[in-house]
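Structural characterization, general
Each chain, written out:
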Amino acid sequence: MSDTKRFLYVNRKAPHGTIYALESLEVVLIGAAFEQDVSLAFLDDGVFQLIKKQATTGIGVKNFAPVYRALGDYDVKKIFVERESLEERGLSEDDLMEITHENDDEEDVSSVEIVDRARMAEIMAAQDVILSF
Amino acid sequence: MKIGVVVNEGPYTHQASDTAYQFTKASLEKGHEIYRVFFYHDGVNNATRLTVPPQDERNVQRNWSELAEKYQLDLVVCIAAAQRRGILDDSEAKRHGKGDGAANLAPGFRISGLGQLIESGIQSDRLVVFGD
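A brief report on the enclosed structure follows. Source: prediction; values computed, not measured.

1. Description of the overall build of chain B
Counting its regular elements, chain B contains five helices and five strands. Each helix (α) and strand (β) of chain B, taken in turn from the N terminus, gives the series β-α-β-α-β-α-α-β-α-β. Computed over the C-alpha atoms, the radius of gyration of chain B is 14 Å, within 12% of the 14 Å expected from 2.2 N^0.38 for a compact globule of 132 residues. The principal-axis extents of the C-alpha atoms in chain B amount to approximately 45 × 35 × 30 Å.

Here it is in structure tokens:
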């Protein structure tokens, strides 16, 4: 597996108003087939992508939010959400949907880790490839 | 150095494609290898041959096509993003029944899947993303 690299997908924009969130998710799902070391980061307005109970019927666009909850099935287990971005928008961890994956003991554990801005910088510095959407 | 380039915005509205073009051109002139240029999101709109900008303006699509011809560049347009936005090559235009002559993919570009983006990240020493 000498071809394994650390991929970080950085999500910075709110969902539905623009297509970035949906098309970023499409890259993550396709990328899963390449068996890389994948992490997702949500910061700035990107934290809105993970808000609970999104309902898009009224605006006539596809609601892709449930796909985030299936990321564990794609072996995406590391989801970092920036604390300051949540706080700046009056949000907290309680506002986010539950995203889990199965650990080695076959227990469902949370994939989401709330990290501060300094830690997010460290996470970014440790990557080989960063795709920013 | 082997460099992968990603273009996530369309021409004219946004600087991303121009900057990516200048970066790609400068990299090649400095002797670097460009592994691939991948067009995603509205970036796929750089690949339509039907743009007709005013004569005293740069032609973003033609810039890319000419650079591709000069350096044998691999310009790849994401198929899913392209289909959403009406960028079709001959076979896709035929497959979706869009009629003869509907294909608008410019010379030097090819349409392929998102796997080509991930592969570019794996194979390149650096992946450089141009977007908003």
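2. Things to note about the sheet that holds strand β1 (residues 6-11) of chain A
Strand order across the open sheet formed by five strands is β6-β3-β2-β1-β7 (chain A), with parallel pairing between neighbours. Each having just a single partner strand, β6 (112-115) and β7 (129-132) of chain A make up the two edges of the open sheet. In this sheet, neighbouring strand axes are inclined to one another by 25° on average, regardless of whether the strands run parallel or antiparallel. Where β1(A) and β7(A) come together, four bridges link them in parallel fashion. Each residue of the ladder has a partner; that of Y9(A), found in β7(A), is L131(A). Most of the contacts of helix α4 (residues 117-125) of chain A go to strand β3 (residues 78-82) of chain A, to which it runs at about 140°, and overall it touches β1, β2 (37-42), β3, β6 and β7 of chain A. Sheet contacts for helix α5 (residues 115-123) of chain B: β1 and β7 of chain A; angle to β1(A), the most-contacted strand, approximately 125°.

3. Some thoughts on the pattern of salt bridges
Residue and element names in this part refer to chain B. Throughout the structure, instances matching the rule amount to 19 salt bridges over all chains. R110 is the partner of D74 in a salt bridge, and the nearest nitrogen-oxygen pair spans 2.7 Å. On the criterion of sequence distance, the pair formed by D74 in the loop between α2 (60-71) and β3 (75-78) and R110 in strand β4 (residues 109-112) is long-range, its members being 36 residues apart. Look at D74 and you get buried, because its relative accessible area is 19%.

4. Section: the sheet that holds strand β5 (residues 126-130) of chain B
All names here are of chain B. If you trace the five strands from one edge of the open sheet to the other, you get β4-β3-β2-β1-β5, paired in parallel fashion. The two strands at the open ends of the sheet, each matched to only one other strand, are β4 and β5. Going from strand to strand, the sheet's axes swing by 25° on average, the running direction of each strand aside. As judged from the five bridges shared by strand β1 (residues 2-7) and β5, these two strands associate in the parallel manner.

5. Looking at the packing of aromatic side chains
Taken as a whole and judged by the stated rule, the model has nine aromatic pairs over all chains. Measuring from centroid to centroid gives 5.5 Å for F23(B) and F130(B), while their planes differ by 55°, and the two rings are tilted. With F23(B) in helix α1 (residues 16-29) and F130(B) in strand β5, this residue pair connects regions lying 107 residues apart in the sequence. Residue F130(B) is classed as buried on the basis of its relative accessible area of 11%. With centroids separated by 6.3 Å and ring planes inclined at 50°, the aromatic side chains of F38(B) and Y40(B) adopt a geometry described as tilted. Positioned above the aromatic ring of Y20(A) is the side chain of K13(A), whose terminal nitrogen or guanidinium carbon lies 4.4 Å from the ring centre.

Thresholds, definitions, all that
- Residues numbered from 1 in each chain as written.
- Chains lettered and ligands numbered in written order.
- Predicted model: local features only at pLDDT ≥ 70, side-chain atom pairs only at ≥ 80, totals over all residues.
- Heavy atoms only, no water.
- Helix = DSSP H or I, 4+ residues; strand = E, 2+ residues; numbered from the N terminus.
- Rg over C-alpha atoms; globule rule 2.2 N^0.38 Å.
- Pairing = 2+ DSSP bridges.
- Axes fitted to C-alpha atoms, helices over the stretch in contact; angles between N-to-C directions.
- Contact = heavy atoms within 4.5 Å.
- Salt bridge = Lys/Arg side-chain N within 4 Å of Asp/Glu carboxyl O.
- Buried < 20%, exposed > 50% of the residue type's maximum accessible area, 1.4 Å probe, protein only.
- Phe/Tyr/Trp six-rings, centres within 6.5 Å; stacked < 30°, edge-to-face > 60°.
- Lys NZ or Arg CZ within 6 Å of the ring centre and 35° of its normal.

Spatial relationships are all this shows, so hold off on functional conclusions.
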